[in-house]
Amino acid sequence: MEQKSAAALILAERPAQPSALSNALVFGWRAVLKFKHIPEQLFDLVMTPIMFTLLFTFVFGGALSGSTDTYLQYFLPGILVQTVVFNSLYSGMGLSTDLGKGLFDRFRSLPIWSLSPFAGLMVGDILRHLIASLIILFIGILLGYRPEAGIPGVVAALLLLPLIGFGFGWIFLVLGLIMRTPNTVMTMAFTGIMPLVFASNIMVDPATMPGWLRVFVEINPVSLMTTAMRGLLAGNVTLTQLGLALLTPALLTAVLAPLTLWLYRRRN
């Protein structure tokens, strides 16, 4: 009997090694489960975009555009981009938290694709981006926003937003590997994000700005993304606008994904 068992073990085929996609999906599911076990994350995810949308529309809308309805048509596509950029920093904070708990030491010892834990963080980010974007669109429609491109434009916008978030997410993963605490990651992230977001065309038409500032605003990646988002929702986007909007996320991914893996591997 023992000889048969030993022979069966010898003849048994070794299970196929999971693919990179399979690894990424497993870690992505882990990121999804965090919403179940840490529901307070949803509060910040939901309330922050709602507060920005309501405050800027009703406090500044009349002064900037003459009416809140007119300003909402200009502002809402921009707040979608702003929300995705802000939400991207959670991947860096999550990475810093996991590193502090020693979880990534365990992940590194497993026979898995090296980037799969980071891919899981990105999946969690994509879910956050979609949830926040849908909430903003819903609130905007209740307030009177009307996407002229209809459902196809909304779908295209929802496809562009995760791509933007994916590119920006690598910045915060690098910060998560370099900084020692989640709070430090958040502080450094906001220090870099705030000038990009507020010195852009999200809230104000650059034509009203001083010339020296307008030059920066017009080449600001956040402005280029916002212009493409407005074009998608209005139905008049051009290929040039889409290309410029995707250029920065593509460059960030190409440069920072290898850097993230290098930083991760050289950690003790």
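Q: Run through the overall build of the chain, naming residues and quoting values.
A: A tally of helices and strands in the chain yields 12 helices and zero strands. For the chain, the N- to C-terminal ordering of α and β elements is α-α-α-α-α-α-α-α-α-α-α-α. Within the chain, buried positions represent 42% of all 268 residues. Of all intrachain contacts in the chain linking residues separated by at least 6 positions in sequence, the fraction that spans at least 24 positions is 77%. Here the chain displays about 14,300 Å² of accessible surface, and carbon together with sulfur accounts for 70% of that area.

Q: Quick one: what's the story with the packing of aromatic side chains, residue by residue and with numbers?
A: Here a ring pair, both rings aromatic, is described through the centre-centre distance and the interplanar angle of the planes. With the rule as written, the count across this model stands at seven aromatic pairs. Between Phe52 and Phe86, the aromatic rings sit 6.2 Å apart at their centres with planes inclined by 35°, giving tilted as the arrangement. You can see Phe52 sitting in helix H3 (residues 40-65) and its partner Phe86 sitting in helix H4 (residues 68-87), a full 34 residues away along the chain. Aromatic side chains Phe56 and Phe60 sit 5.2 Å apart centroid to centroid with 40° between the ring planes, which places their arrangement in the tilted category.

Q: Explain the nonpolar core to me, using residue names and the numbers behind them.
A: One finds Leu76, Leu80, Leu95, Phe104, Phe118, Phe168 and Met229 to be the most contacted residues of the largest nonpolar core, which totals 57 residues. When residues of this core are traced back to their parent elements, those giving at least two are H4, helix H5 (89-101), helix H6 (103-108), helix H7 (116-143), helix H8 (150-178), helix H9 (182-198), helix H11 (221-234) and helix H12 (239-265). In terms of residue count, the dominant contributor to this core is H8 (13 residues). Not counting chain neighbours up to four residues away, the residues in contact with Phe104 comprise Leu95, Asp98, Leu99, Pro117, Phe118, Leu121 and Tyr264.

About the thresholds
- Residues numbered from 1 in each chain as written.
- Predicted model: local features only at pLDDT ≥ 70, side-chain atom pairs only at ≥ 80, totals over all residues.
- Heavy atoms only, no water.
- Helix = DSSP H or I, 4+ residues; strand = E, 2+ residues; numbered from the N terminus.
- Buried < 20%, exposed > 50% of the residue type's maximum accessible area, 1.4 Å probe, protein only.
- Contact = heavy atoms within 4.5 Å.
- Areas by Shrake-Rupley, 256 points an atom, 1.4 Å probe, with all protein chains shown as cover.
- Phe/Tyr/Trp six-rings, centres within 6.5 Å; stacked < 30°, edge-to-face > 60°.
- Core = buried A, V, L, I, M, F, W, Y, C linked by side-chain atoms within 4.5 Å.

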